Amino acid sequence: MYEPTQLRTFLAVAQTLSFTQAARRLGLRQSTVSQHVRRLEDAAGRQLFTRDTHSVELTEDGEAMLGFARRLLEVHEQATAFFTGTRVRGRLRFGASEDFVLTRLPEILEGFRYDHPEVDLELTVELSGTLHERLAAGKLDLVLAKRRPEDPRGELVWRDDLVWIGAERLRLDPDRPVPLIVYPPPGITRARALEVLEREGRQWRIVCTSGSLSGLIAAARAGLGVMAHSRRLIPPGLFRLPMAVPPGRAEPRARGNAGLPDLGKVDFVLVHGRGRGPAEAAANALAAAVLAGGERLRRSGG
């Protein structure tokens, strides 16, 4: 019912939100990309994208198809590998950012190990910025991490709002510097938090620095300050704080939190190493498993 070629094209459009960029990525004509999407929509009997001359967005049915397409392609690749006798093997150096410590990433990795027992998987958990540096230095083969806004590399796993979080009873004094709980450099959320506060002319002070997510969570739960974090991955016991009020809008009820500036969006991506060695097949297989399990990554592992 659903052709793998059409599913791959659909994923490329969903990840780039651009028919032009998807065509460039796949090496196809834009008309071919449009045809693949149209045929997939005909097969599903649903509209998967809303599009005009300026933008492309997934519909609710498109969001649902996103998960199905990833799983269907993963099963297709597994079946192809099984019946062609091509076994994935070798050493794979995989890096995942601290953000995924509390998600169901371990379940995805366990499934990958079961499906590919001959792969020697080495996991590194680090800051996103550090992982990108290690990947560029050839010390990792595949990275799952946040992406800097100016960095075009990587396959989009999902895009999320970056929000301010803190303890439920935390109240900020608008006349005092914002107390920040941050990763050390080159943390991506740290850089974004400092950038938006500087741009808004808000004073700040760092009250806690930790390279461990558990350390940051402990400081935030203790009410020491606020931290920038993915909206879908807010740890238990912490809450989203209100942001600044746009002109003409009513003030939020929690006025004691002094309206923090908007942090914008954050992209979580898979980035492959530049080398095309023995680890390439294993990296491709793990990337497919992560993309297929994308919904599980957005939920707590507890």
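A. Quick peek at the packing of helix H1 (residues 4-16) against helix H3 (residues 30-44). Contact pair H1 / H3: the axes reach a minimum separation of 9 Å and the direction vectors enclose 110°. The angle between the axes of H1 and H3 places the two elements in the roughly perpendicular class. Residues Thr 5, Gln 6, Leu 7, Thr 9, Phe 10 and Val 13 of H1 pack against Val 33, His 36, Val 37, Arg 39 and Leu 40 of H3. Its residues assigned to classes, the contact of H1 with H3 comprises six nonpolar, four polar and one charged.

B. Layout of the packing of aromatic side chains. This structure, assessed with the given rule, holds five aromatic pairs. Summarising the aromatic geometry, the rings of Phe 19 and Phe 49 are spaced 6.0 Å apart at their centres and angled 70° between planes, so their arrangement reads as edge-to-face. One end of the pair, Phe 19, is in helix H2 (residues 19-26); the other, Phe 49, is in strand S1 (residues 49-51), with 30 residues separating them in the sequence. Across the pair, exposure class does not vary: Phe 19 and Phe 49 are buried alike. Of the aromatic side chains, those joined through ring pairs into one cluster are Phe 10, Phe 19 and Phe 49.

C. Region of interest: the packing of H1 against H2. Following both chains from N to C, one finds H1 and H2 inclined at 125°, their axes separated by 8 Å at the closest point. Taken together, the axes of H1 and H2 are oblique relative to one another. Crossing of H1 over H2 shows right-handed handedness. Contacts between H1 and H2 involve Arg 8, Thr 9, Ala 12, Val 13, Gln 15 and Thr 16 on the former and, on the latter, Phe 19, Gln 21, Ala 22, Arg 25 and Leu 26. Here the residues of the contact of H1 with H2 are counted per class, giving five nonpolar, four polar and two charged.

D. Geometry of the environment of Leu 194. Along the chain, Leu 194 falls in helix H7 (residues 188-199). Judged by relative accessible area, Leu 194 falls into the buried class, the value being 17%. On a C-alpha basis, the gap between Leu 194 and Val 182 in space is 9.7 Å, while along the polypeptide they are twelve residues apart. Those residues in contact with Leu 194 that lie beyond four places of it in its chain are Leu 180 and Trp 204.

E. Focus on unusual backbone geometry. Following Pro 185, the chain continues to Pro 186 via a peptide bond in cis, the omega torsion being 5°. A positive phi is found at Leu 17, a non-glycine position, where the angle reads about 50°. Here Leu 17 shows up in the loop between H1 and H2. Overall, the relative accessible area of 28% leaves Leu 17 in the partly exposed class.

F. Layout of a nonpolar patch on the surface. Side chains of Val 101, Leu 102, Leu 123 and Val 125 sit close together on the surface and give an oily, nonpolar patch of about 310 Å² of accessible area. Inspection of the secondary structure puts Leu 102 in the loop between strand S3 (90-97) and helix H5 (105-115). We classify Leu 102 as partly exposed; its relative accessible area is 35%.

G. Quick look at helix H8 (residues 213-221). Buried within H8 we find Leu 213, Leu 216, Ile 217, Ala 219 and Ala 220. All buried residues of H8 lie within an arc of 165° about the axis, which places them on one face of the element. Contacts made by the buried residues of H8 are with strand S6 (155-166), strand S7 (178-182), strand S8 (204-209) and strand S9 (227-230). Two residues or fewer after H8 comes Gly 223, characterised by a positive phi angle close to 80°.

H. Looking closely at H2. Burial in H2 covers these residues: Phe 19, Ala 22 and Ala 23. Down the axis of H2, the buried side of the element spans an arc of 100°, and every buried residue falls inside it. Turning to H2, the residues buried within the fold contact H1, H3, S1 and strand S2 (56-58). The N-terminus of H2 is capped by Ser 18, whose side-chain oxygen sits 3.3 Å from the backbone nitrogen of Thr 20. A positive backbone phi angle near 70° is found at Gly 27, which sits one or two residues after H2.

I. The nonpolar core, seen in detail. Counting residues in each nonpolar core, the largest one holds 45 residues, and the members touching the most others are Leu 92, Trp 164, Val 226 and Leu 286. Ranked by residue count, the leading element in this core is helix H9 (residues 279-292), at nine residues. Contact partners of Leu 92, with chain neighbours within four places excluded, come to Phe 112, Val 119, Asp 120, Leu 121, Glu 122, Asp 141, Ala 279, Ala 282, Ala 283 and Leu 286. Counting residues in each nonpolar core, the second largest holds 20 residues, with Leu 7, Ala 22, Val 33 and Leu 73 among its members.

Reading the values: the criteria
- Residues numbered from 1 in each chain as written.
- Predicted model: local features only at pLDDT ≥ 70, side-chain atom pairs only at ≥ 80, totals over all residues.
- Heavy atoms only, no water.
- Axes fitted to C-alpha atoms, helices over the stretch in contact; angles between N-to-C directions.
- Helix = DSSP H or I, 4+ residues; strand = E, 2+ residues; numbered from the N terminus.
- Parallel < 35°, antiparallel > 145°, perpendicular 65-115°, else oblique.
- Contact = heavy atoms within 4.5 Å.
- Nonpolar A, V, L, I, M, F, W, Y, C, P; charged D, E, K, R; others polar.
- Phe/Tyr/Trp six-rings, centres within 6.5 Å; stacked < 30°, edge-to-face > 60°.
- Buried < 20%, exposed > 50% of the residue type's maximum accessible area, 1.4 Å probe, protein only.
- Left-handed = near helix turned anticlockwise from the far one by under 90°.
- Patch = residues over 30% accessible without salt bridge, like charges linked within 9 Å, V, L, I, M, F, W, Y side chains within 5 Å.
- Areas by Shrake-Rupley, 256 points an atom, 1.4 Å probe, with all protein chains shown as cover.
- Salt bridge = Lys/Arg side-chain N within 4 Å of Asp/Glu carboxyl O.
- Arc of directions from axis to C-beta.
- Polar contact = N/O pair within 3.5 Å; in protein donor to acceptor, adjacent residues only side chain to side chain.
- Core = buried A, V, L, I, M, F, W, Y, C linked by side-chain atoms within 4.5 Å.

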